[in-house]
Amino acid sequence: MIVVTGATGNVGRPLVQALAAAGEQVTAVSRGVSGGAVPEGVRHWQADLAAPESLRPVFDGADAVFLHDGGAGAHLLSPQGILDVAKAGGVRRVVLLSSQGVATRPRSSSHGAGGRSIEDAIRQSGMDWTILRPGGFASNTFAWAETIRTQRTAAAPFGDTGLPLIDPADIGEVAAAALREDGHAGQVYELTGPALSTPRQRAEAIGAALGEPIRFVEQTRDEARAQMLRFMPEPVVETTLAIIGEPTPAEQRISPDVERVLGRTPCTFAEWAVRNIAAFR
């Protein structure tokens, strides 16, 4: 059995679907109720990663677990506690969803330092481990959904600065391979899309998928910062603005790791937009 935490999120959902389609026995763990978010036949378990003991029944008899670090600024409170409970239940393989920022922003409290401590706990767990370090997610563009639906407008700073955003479904497929197959133990995979895309280009791609033009409005840094502070902690906002405004060469690098694991190139942003266009109609 494979346990997937964060099972109803942007990565967890396609991961659960991929595992279920492959015939694996899956337990999908999330903080909230499933609400039909997991495929038929997949067991759903409501639990809080901050309370590792609540996961004990989930891990009993499991072989592998997918863990996520909670995202920038929301790292697991007790990775060691979760790992101890998982090992006691028989888990021998762990795949961690970490972040590219662990390597590219090591001094950032919101991206690098917290993520590094979780990665270190995974490495020292005694289990077969694989670490996934994706860059920016294509699904971050869902932030435009309301203004595109209502005004056919998308606003963002740094309109012509490109990053190789990755389709979360590709992350899910890589995670599924690492959970199911041998040969991934001790690997750290950097996961990116196949090409750089700018906010302006992403707006154009969504417009092409809609069949209607999208007006792109370039925000100033201060405008973007004020908007982001409404729902993100200040350290996360500052690091995020640095990444999208002045990315390092490593953050703009196209990684071969998705193709290395899956035997195909990762999906483009345009392909992601077509598959998710209902959110923008």
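Notes on the structure follow. (Residues numbered from 1 in each chain as written. Predicted model: local features only at pLDDT ≥ 70, side-chain atom pairs only at ≥ 80, totals over all residues. Heavy atoms only, no water.)

### So, helix α7 (residues 168–180)
Taking 1.5 Å of rise per residue, the 13 residues of α7 would be expected to cover 18 Å, and the 18 Å separating its terminal C-alpha atoms lies within 8% of that figure. Most of α7 sits inside the fold, with ten of its 13 residues counted as buried. Restricting attention to buried positions, one finds in α7 the residues Pro168, Asp170, Ile171, Gly172, Val174, Ala175, Ala176, Ala177, Ala178 and Leu179. Residue Asp167 occupies the N-cap position of α7, its side-chain oxygen lying 2.8 Å from the main-chain nitrogen of Ala169. (Helix = DSSP H or I, 4+ residues; strand = E, 2+ residues; numbered from the N terminus. Expected span 1.5 Å × (residues − 1). Buried < 20%, exposed > 50% of the residue type's maximum accessible area, 1.4 Å probe, protein only. Polar contact = N/O pair within 3.5 Å; in protein donor to acceptor, adjacent residues only side chain to side chain.)

### Here we look at the sheet that holds strand β5 (residues 93–97)
Judged by pairing direction, the sheet is parallel, and its seven strands sit side by side in the order β3-β2-β1-β4-β5-β6-β8 without closing on themselves. At either end of the open sheet lies a strand with only one pairing partner, and these are β3 (43–46) and β8 (187–191). Between one strand and the next, the sheet's axes are offset by a mean angle of 20 degrees, whatever the strand orientation. As paired strands, strand β6 (residues 128–134) and β8 are joined by five bridges and run parallel to one another. Paired with Ile131 across the two strands is Val188, which belongs to β8. Sheet contacts for α7: β1 (2–5), β4 (64–68), β5, β6 and β8; angle to β5, the most-contacted strand, approximately 165 degrees. (Pairing = 2+ DSSP bridges. Axes fitted to C-alpha atoms, helices over the stretch in contact; angles between N-to-C directions. Contact = heavy atoms within 4.5 Å.)

### Comments concerning the pairing of β5
Of all five residues in β5, five are buried; the element is thus mostly enclosed. What you see with β5 is no split at all: Arg93, Val95 and Leu97 on one side and Val94 and Leu96 on the other are buried throughout. Note that β4 and β5 share five bridges and pair parallel. By the bridge assignment, Val65 is partnered in β5 with Val94.

### Examining the packing of aromatic side chains
Counting across every chain of the model gives five aromatic pairs. A ring pair is formed by Phe142 and Trp272, whose centres lie 5.0 Å apart and whose planes are at 55 degrees; its orientation type is tilted. With Phe142 in the loop between β6 and α6 (145–151) and Trp272 in helix α13 (residues 269–275), this residue pair connects regions lying 130 residues apart in the sequence. Where Trp144 meets Phe216, the ring centres are 6.4 Å apart and the plane angle is 65 degrees; that geometry is what we call edge-to-face. With Trp144 in the loop between β6 and α6 and Phe216 in strand β9 (residues 215–219), this pair connects stretches of sequence that are 72 residues apart. Both residues of the pair, Trp144 and Phe216, belong to the buried class. Among the aromatic side chains, those forming a connected cluster through ring pairs are Phe142, Phe269, Trp272 and Phe280. (Phe/Tyr/Trp six-rings, centres within 6.5 Å; stacked < 30°, edge-to-face > 60°.)

### Here's the deal with the layout of surface pockets
Using a probe with the size of a water molecule, rolled over the atoms, empty space left in the structure can be pinpointed. Approximately 280 Å³ is the volume attributed to the second largest pocket. Lining the second largest pocket are 16 residues, with Asn10, Arg13, Pro14, Ala169 and Asn276 positioned closest to its centre. For the lining of the second largest pocket, the secondary structure elements donating two or more residues are α1 (12–21), α7 and α13. Element by element, the count of residues in the lining of the second largest pocket is highest for α1, at four residues. (1 Å grid on protein atoms, 1.4 Å probe; cavity = no way out; pocket = protein on both sides within 12 Å on 5 of 7 lines; lining within 4 Å. Points joined across faces, edges and corners; volume = space filled by probe spheres on them.)

### Thoughts on the side chain of Glu251
Tracing the backbone through its elements, the reader meets Glu251 in helix α11 (residues 249–252). A distance of 2.8 Å separates a polar atom in the side chain of Glu251 from a polar atom in the side chain of Thr104. Among residues more than four places away in sequence, those in contact with Glu251 are Gln100, Thr104, Arg105, Leu163, Pro164 and Ile243.

### Concerning the environment of Gln227
Along the chain, Gln227 turns up in helix α9 (residues 221–228). With relative accessibility at 34%, the residue Gln227 sits in the partly exposed group. With ten residues separating them along the chain, Gln227 and Val237 place their C-alpha atoms 9.7 Å apart. There is a polar contact of 3.0 Å between the side chain of Gln227 and the side chain of Gln219.

### Quick notes on the side chain of Thr192
Structurally, Thr192 can be placed in the loop between β8 and α8 (199–210). The class for Thr192 is buried, based on a relative accessible area of 1%. Each residue touching Thr192, except ones within four places of it in the same chain, is listed here: Gln100, Pro164, Ile166, Arg253, Ile254, Ser255, Val258 and Pro266.

### Observations regarding the pattern of salt bridges
For the structure shown, the criterion picks out 19 salt bridges. Salt-bridge contacts for Arg253 lead to Glu190; the nearest nitrogen and oxygen are separated by 2.9 Å. In this pair, Arg253 sits in the loop between α11 and α12 (257–262) while Glu190 sits in strand β8, placing the two residues 63 residues apart along the sequence. Since its relative accessible area comes to 40%, Arg253 is described here as partly exposed. Linking Arg225 and Glu238 is a salt bridge whose minimum nitrogen-to-oxygen distance equals 2.4 Å. In this pair, Arg225 is assigned in helix α9 and Glu238 in helix α10 (residues 234–245), connecting sequence segments 13 residues apart. (Salt bridge = Lys/Arg side-chain N within 4 Å of Asp/Glu carboxyl O.)

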